[in-house]
Each structure stands twice: as structure tokens, then as C-alpha cells.
Amino acid sequence: MRPYLEILPQSPETSWSMLNRRLDNVIPFQWHHHPEFELTLTLNSIGQRFIGDHSGDYGDGDLVLVGPNLPHTWASRAKIDEHKPHVALVFWFHREWLLQISGGAVEFRPIEAMVMRADNGLQFSKEIAAAVRLEFEAVFEKPPVERLLSLLSILVTIAGDRQAMPLASAPGQSQELRESRERIDRVLTHMHLNYARAVSLDELADIAALSVSGLHRMFRRHTGTAISDYLMRMRIGDACARLSSTNQAVHHISDAVGYNSIANFNRQFKTLKGMTPREYRRLFVRR
């Protein structure tokens, strides 16, 4: 299974695309890519996002810009308000289109600079996400010209976020990723869907049609990390989402995310997060 090429919705009234996605049950894992940039604001949802080789937790108000052809998906764990749906507000636009719109205007230079460093994906700060949230939601009720002006206003605001963090270690269009796109995508997809059980190196090597040593080399070249470290990040990320949004016992969470030993789970959790699972949960209880 590899990331599918998503064909985006088009309107004869607009030169860019958008979607107000509302899901009652879950945001499903759908590993995909497209040549457009994608700006997504996620509301009333808790879970994990996967962008290239990045995996991380997301919560209400999560704002992320995904680069062109960078495989990505969100996978929810819970809703904050059970009586309301998971919400993903999404804007898509092409790099060339945006640069033509800006036209080299001094006022839009921050947008151009942001786009140039966004190929790997960017996560924006909670403060900036909160600042654009109302305008983001209001875009869908506006006529086409006002929508465009609102999009540019939002892009100007987020482009000024000095706390924006890069996500994937390599852009979706880099030469390194193009060389063996299908092999690494098959491996990553299998890992994302099966990390909660024992995933053997032989199994992954078969999926990649490589030797185990060839698999190791390819994986490190594309992700910049070892397979075991990548699996650990996914499992601990899942555990964080469960600890922050459910009352499941820690040993149940340990089993659910793929650890046979609670001691090993606690040790790896502390290594990655700098605290124990119980200490992590207490942060959210206090809030």
C-alpha cells in the first residue's frame, strides 16, 4: 500500500480549493499526497498526525502547513466534545499560483519566505492558530473574492510565526525521496498501520523487496533515523494521545501501543518525553 494521489475538489468560481470536513466517528488513517500545499486547522479532535517521516500528537486548534507531494494523514483517537464532530478545515493552493498572486509585492514577502521553507511541513504555534481561528472558520461563508482576501490575510499572519516548527526531515519533492518513493512509502504505510504489534525486520524487508541491510540503509536515508527509533516515536505518540484523552490504565495503554513489558514502555516513554506516563497524564488532569 502506498500513498494515493488525491485529486482535489475544484470550483469554477475559485482558483484554489478548500474543504470543511466534519466526521462523527473518526478521522481515518488515509496516507496520501498531492502537488498542492495544504493548510489544515483541526478542531474538536485529539490524535496523531503523520507527515513524511514525522509523527506527532495533535489536539484542538492544531494548525499545520504540508508541503507539495509530502505524504501525510491524520488519525483521531477521541473527540473533545462528544456531541460535536471532528472538524478539519483545509485550504489547498499551488506554489506557482501563490507566487503569482503575491507578485513580488513587499507586503507579501513573509508569505513567499514561508512557502520557501514549508516543503517539509510546518506546525504553527498555539498562539498563531488561535489568532486565525475565527477568520479560518468564517472563510467558508464568504463569497469567492472575500475568501481569497481572507486566505491572504491568514497566510500573512501565520508567516509571521517565529515559533513555527518544521516537521518532516525531507521534502516530498526531494531527489532522495523520489529515488525509491514506492519502496519507502510501502514500508512507512505498513509501519503506520501495524506499529501496535510486533513488526519484524524480515517482514519490512519483504515489503520493500530488499535485504534487511538494504532496508536499513534505505530507511535511514529517507527518514534520518533507525527503524526501531521510528517505531518507538509512533508508539509513544499513540500513548500520549491515549494518556491525554482517556482514562485507560497505563498498563492497558502499554499493551495497546505494542509493548509487552510495562518497564520497557516506561523507560522508552521517559527517554522520549522526559517524564513518566503518569507524570504526563497529570499535566492534562491539571488543565
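So, here is what we can say about the structure in this document. (Residues numbered from 1 in each chain as written. Predicted model: local features only at pLDDT ≥ 70, side-chain atom pairs only at ≥ 80, totals over all residues. Heavy atoms only, no water.)

Structural notes on the side chain of His32
Phase 1 of the analysis: Take His32: it is sitting in strand S3 (residues 32–33).
Phase 2 of the analysis: One polar contact links the side chain of His32 to the main-chain carbonyl oxygen of Gln30, over a distance of 2.7 Å. (Helix = DSSP H or I, 4+ residues; strand = E, 2+ residues; numbered from the N terminus. Polar contact = N/O pair within 3.5 Å; in protein donor to acceptor, adjacent residues only side chain to side chain.)

A few points about the pattern of salt bridges
Phase 1 of the analysis: Throughout the structure, instances matching the rule amount to six salt bridges.
Phase 2 of the analysis: The shortest N-O distance in the salt bridge between Asp119 and Arg95 comes to 2.5 Å. Here Arg95 lies in helix H1 (residues 95–102) and Asp119 lies in the loop between helix H2 (109–116) and strand S10 (122–123), a separation of 24 residues in the sequence. Judged on exposure class, the residue Asp119 and its partner Arg95 are both buried.
Phase 3 of the analysis: Counted as one network, the salt bridges with shared partners bring together Arg77, Asp238 and Arg242. (Salt bridge = Lys/Arg side-chain N within 4 Å of Asp/Glu carboxyl O. Buried < 20%, exposed > 50% of the residue type's maximum accessible area, 1.4 Å probe, protein only.)

Considering the packing of aromatic side chains
Phase 1 of the analysis: With the rule as written, the count across this model stands at nine aromatic pairs.
Phase 2 of the analysis: Summarising the aromatic geometry, the rings of Trp16 and Phe91 are spaced 5.3 Å apart at their centres and angled 85° between planes, so their arrangement reads as edge-to-face. Taken together, the residues Trp16 in the loop between strand S1 (4–5) and strand S2 (17–23) and Phe91 in strand S9 (residues 86–93) connect sequence positions 75 residues apart.
Phase 3 of the analysis: According to the relative accessible area criterion, Phe91 is buried, its value standing at 0%.
Phase 4 of the analysis: Ring geometry for Tyr259 against Phe265: centres 5.4 Å apart, planes inclined by 55°, an arrangement best described as tilted. (Phe/Tyr/Trp six-rings, centres within 6.5 Å; stacked < 30°, edge-to-face > 60°.)

Things to note about helix H4 (residues 144–159)
Phase 1 of the analysis: With 16 residues, H4 should cover 22 Å at 1.5 Å per step; its first-to-last C-alpha distance of 22 Å lies within 8% of that length.
Phase 2 of the analysis: Within the sequence span of H4, burial applies to Arg147, Ser150, Leu151, Leu152, Ile154, Leu155, Ile158 and Ala159. (Expected span 1.5 Å × (residues − 1).)

Quick notes on the packing of helix H3 (residues 126–138) against H4
Phase 1 of the analysis: In the contact formed by H3 and H4, the axes pass within 10 Å of each other and the chain directions differ by 175°. In terms of orientation, H3 and H4 fall into the roughly antiparallel class. For the pair H3 and H4, contact is made by Ile128, Val132, Glu135 and Phe136 and by Ser150, Ser153, Ile154, Thr157 and Ile158, respectively.
Phase 2 of the analysis: Its residues assigned to classes, the contact of H3 with H4 comprises five nonpolar, three polar and one charged. (Axes fitted to C-alpha atoms, helices over the stretch in contact; angles between N-to-C directions. Parallel < 35°, antiparallel > 145°, perpendicular 65-115°, else oblique. Contact = heavy atoms within 4.5 Å. Nonpolar A, V, L, I, M, F, W, Y, C, P; charged D, E, K, R; others polar.)

Observations regarding the pairing of strand S4 (residues 37–43)
Phase 1 of the analysis: With respect to burial, S4 is a largely interior element, seven of its seven residues being buried.
Phase 2 of the analysis: Going residue by residue along S4, you find Phe37, Leu39, Leu41 and Leu43 tucked away on one face and Glu38, Thr40 and Thr42 tucked away on the opposite face as well.
Phase 3 of the analysis: Bridge count between S4 and strand S7 (residues 62–66): five bridges; the pairing is antiparallel. Looking across to S7, one finds that Thr42 is bridged to Asp62. (Pairing = 2+ DSSP bridges.)

Focus on the packing of helix H9 (residues 227–245) against helix H11 (residues 262–273)
To describe two helices that pack against each other, one gives the angle between their axes and the distance between the axes.
Phase 1 of the analysis: Packing of H9 against H11 leaves a shortest axis separation of 10 Å and a crossing angle of 90°. In terms of orientation, H9 lies roughly perpendicular with respect to H11. Residue-level inspection shows Met232, Arg233, Ile236, Ala239, Cys240 and Leu243 of H9 in contact with H11, the latter providing Phe265, Gln268, Phe269, Leu272 and Lys273.
Phase 2 of the analysis: Taken together, the residues of the contact of H9 with H11 sort by class into eight nonpolar, one polar and two charged.

Re the nonpolar core
Phase 1 of the analysis: Formed by 34 residues in total, the largest nonpolar core has its most connected members in Leu39, Phe91, Phe124 and Ile158.
Phase 2 of the analysis: For this core, the elements supplying multiple residues, two or more each, are S4, S7, S9, H1, H2, H3 and H4.
Phase 3 of the analysis: Top contributing element to this core by residue count: H4, with six residues.
Phase 4 of the analysis: Residues contacting Phe124, with those up to four places away along its chain left out, are Leu39, Leu63, Val64, Leu65, Met114, Ile158, Asp161 and Ala164.
Phase 5 of the analysis: Tyr195, Ala205, Phe219 and Leu231 belong to the second-largest nonpolar core, a separate cluster that totals 20 residues. (Core = buried A, V, L, I, M, F, W, Y, C linked by side-chain atoms within 4.5 Å.)

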